[in-house]
Amino acid sequence: MNLIFFSIRTKGIHNFARRLATVFTRFGFTERPTRRALRTVVDALQEHQAAPTFFIPAIVLGRHPALLAEIAGYGAEIGIHGYVHNDYRTLSSHEQYVQTEKAIKVFRKTNMAFDGFRNPYLGWTEESLEVFSQLGFTYDSNDAVFHDVVDLNEFSPLLQSGFQKSLKLFQAVSCSTYALRPYFSGKILRIPTSIPDDEMLFDRLRITNAQVGAVWSKVMQRVYDLGGLYTLNLHPERATLCKPALQALLAASRRQALPVWVTSLKDVAAWWKERSQFRWRITPQPANRWLVEAECTSRATVVARNTTVEGSTTTPWFKDDVQVEARTFTIQSTHCPCIGVSPNSPQEIADFLCEQGYPFVRCSLEEAQNYAYYLDMPEGLGVTREEQLQHKSKLVQHIEALDTPFVYFGCWPNGRRAALSISGDIDSVTIQDFFLRIIEVFQSNI
Ligand SMILES: [Zn+2]
């Protein structure tokens, strides 16, 4: 699918003409406007001791290696955004492999380190995950979560339909506590990205800077309340335009009662891998007490709920939960502060609870009442992606709402409640790149 066909299909001929006009205002014939835009994002994040993650098609990196090395030198992470800017959903598994391998070669040739992959148009398939895994990527950033924070009824039917087309294109799932958490699919970590992005708000709905800042701040509030990750996709071509909105979002992240971790996607990936090794050991003690041992690193956020903690200092955390400083401590409770899992429930249930940071133990149905929560799911978590997502979201929602004594690992390091990553796809650096895309995508399909 070439760019013109894609743009007309998703934006309509009128919007495509509008888009062409903006190309000449946002890009230049030199690297200057894009350099300024990239620096705008880098500088805004530096004030928060953080760095952005940019994704770039390898062929574009190959034309601008010095600029990207300079931006990486300021601490920005650079990931792969295809070899050319094409939709992997139109490619066979073999073609995806060949093109990804070709992209890696360009990154290696230009000495650009990379950890992650984001598909153009977030156009991933199950085969893509296999390819990323085989080629040694740490994570992908394609799983789109939709935040329903804009009242579409306020917009004309034409603008609404453009917005809906983007939603469909991005294969977005609804927001839930679980959907906002990264998860392993085999060796690949899937890091969710949030929708609407800058393109949907500015170019599809044509809303103003102040409104965009308010929408992003609203998403931040929701992500904070659910304790998840907000990955914003801000295309650098709109970065200068979006600067006030970005600053409003960063200010909203600072306003929260508990700290929000502003960080790059590779650091999220490294953390989630570290956290995946954490384990719980809970042993009964006399007089309704439980010895809790958290096997984890010093960065872990150990949380206790609805109980008195002995042998450690605690600090108030989210809602009524407390953060526990020690890794070994005692709690008072008539119930074991962990989840009981029936012998018939398959291993995937145990693996899932482990990844979510919840303590669990195998036990029989007769012992169910001794635990904070009991799971008997012989049918497992479902077969299709939709079923899995539904079951997992429901499960996390139930567990997060437990009103019995319970302990768990918070999602983010050092007591942070939520995480925020500012990412951006550098689809083109110059006007020439923008028009070369049309030829490149066409050639990659023949
Ligand atoms: Zn792109």
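So, here's what we can say about the structure.

Cut-offs and rules
- Residues numbered from 1 in each chain as written.
- Predicted model: local features only at pLDDT ≥ 70, side-chain atom pairs only at ≥ 80, totals over all residues.
- Heavy atoms only, no water.
- Pairing = 2+ DSSP bridges.
- Helix = DSSP H or I, 4+ residues; strand = E, 2+ residues; numbered from the N terminus.
- Axes fitted to C-alpha atoms, helices over the stretch in contact; angles between N-to-C directions.
- Contact = heavy atoms within 4.5 Å.
- Donors = N, O, S within 2.8 Å, 3.2 Å for Na, K, Ca; no water.
- Buried < 20%, exposed > 50% of the residue type's maximum accessible area, 1.4 Å probe, protein only.
- Core = buried A, V, L, I, M, F, W, Y, C linked by side-chain atoms within 4.5 Å.
- Parallel < 35°, antiparallel > 145°, perpendicular 65-115°, else oblique.
- Left-handed = near helix turned anticlockwise from the far one by under 90°.
- Nonpolar A, V, L, I, M, F, W, Y, C, P; charged D, E, K, R; others polar.
- Patch = residues over 30% accessible without salt bridge, like charges linked within 9 Å, V, L, I, M, F, W, Y side chains within 5 Å.
- Areas by Shrake-Rupley, 256 points an atom, 1.4 Å probe, with all protein chains shown as cover.
- Salt bridge = Lys/Arg side-chain N within 4 Å of Asp/Glu carboxyl O.
- Phe/Tyr/Trp six-rings, centres within 6.5 Å; stacked < 30°, edge-to-face > 60°.

## Concerning the sheet that holds strand β5 (residues 144–146)
Okay, so step 1: Read across the open sheet, the three strands follow the order β6-β5-β9; overall the sheet is parallel. Edge strands, defined here as strands with exactly one partner in the open sheet, are β6 (173–174) and β9 (193–195).

## Quick word on the sheet that holds strand β21 (residues 371–375)
Okay, so step 1: A sheet is described by the order of its strands in space; here three strands give the open sequence β20-β19-β21, paired in parallel fashion. Edge strands, defined here as strands with exactly one partner in the open sheet, are β20 (360–362) and β21. The sheet shows a mean angle of 30° between the axes of neighbouring strands, direction not considered.
Okay, so step 2: Two strands pair when backbone bridges link them, and strand β19 (residues 336–341) and β21 are joined in this way by four bridges, in the parallel orientation. Looking across to β21, one finds that I339 is bridged to Y373.
Okay, so step 3: Of the strands in this sheet, β19, β20 and β21 are in contact with helix α12 (residues 347–356), which crosses β20 at around 160°.

## A few points about the coordination of the zinc ion
Reference values for angles at a metal are 109.5 degrees in the four-donor tetrahedral case and 90 or 180 degrees in the six-donor octahedral case.
Okay, so step 1: Surrounding the zinc ion are the protein donor atoms H81 (NE2), H85 (NE2) and D427 (OD), which sit 2.1 to 2.2 Å from the metal.
Okay, so step 2: Mapped onto the sequence, the residues coordinating the zinc ion show the spacing H-x3-H-x341-D. Remark: D427 occurs in the loop between β23 (418–425) and α14 (431–444) and H81 occurs in the loop between β2 (77–80) and α5 (93–109); sequence separation between them is 346 residues.
Okay, so step 3: Under the relative-accessibility criterion, H81 is labelled buried at 1%.

## Comments concerning the nonpolar core
Okay, so step 1: Counting 108 residues, the largest nonpolar core has F54, F107, F137, L205, W216, Y230 and L420 as its most contacted members.
Okay, so step 2: Beyond its immediate chain neighbours, meaning those up to four positions away, L205 contacts V150, L152, F155, L159, F163 and M200.
Okay, so step 3: Residues V268, W272, A304 and I331 belong to the second largest nonpolar core, which totals 34 residues.

## Thoughts on the packing of α12 against helix α13 (residues 385–400)
Okay, so step 1: It is at 12 Å that the axes of α12 and α13 come closest, and there the two elements cross at 55°. One way to sum up the angle between α12 and α13 is to call them oblique. Here α12 and α13 pass one another in a crossing that is right-handed. Residues E348, F352, L353 and Q356 of α12 lie in contact with α13, whose contacting residues are Q388, K392, L395, V396 and I399.
Okay, so step 2: Within the contact of α12 with α13, the residues separate by chemical class into five nonpolar, two polar and two charged.

## Thoughts on a nonpolar patch on the surface
Okay, so step 1: Together, F24, F29 and F435 make up an exposed nonpolar region whose accessible area comes to about 320 Å².
Okay, so step 2: With respect to the helices and strands, the residue F435 is situated in helix α14.

## Considerations on the packing of aromatic side chains
Okay, so step 1: Tallying each qualifying case throughout the model produces 18 aromatic pairs.
Okay, so step 2: Taking 6.3 Å as the distance between ring centres and 65° as the angle between the ring planes, the aromatic pair formed by F146 and F163 counts as edge-to-face. With F146 in strand β5 and F163 in helix α7 (residues 157–169), the pair connects residues that are 17 residues apart, well separated along the chain. Take F146 and F163: they sit in the same class, and that class is buried.
Okay, so step 3: Ring centres 6.0 Å apart and planes at 45° place the aromatic pair Y358 and F406 in the tilted group. Here Y358, found in the loop between α12 and β20, pairs with F406, found in strand β22 (residues 406–409); they are 48 residues apart in sequence, far enough to count as distant.

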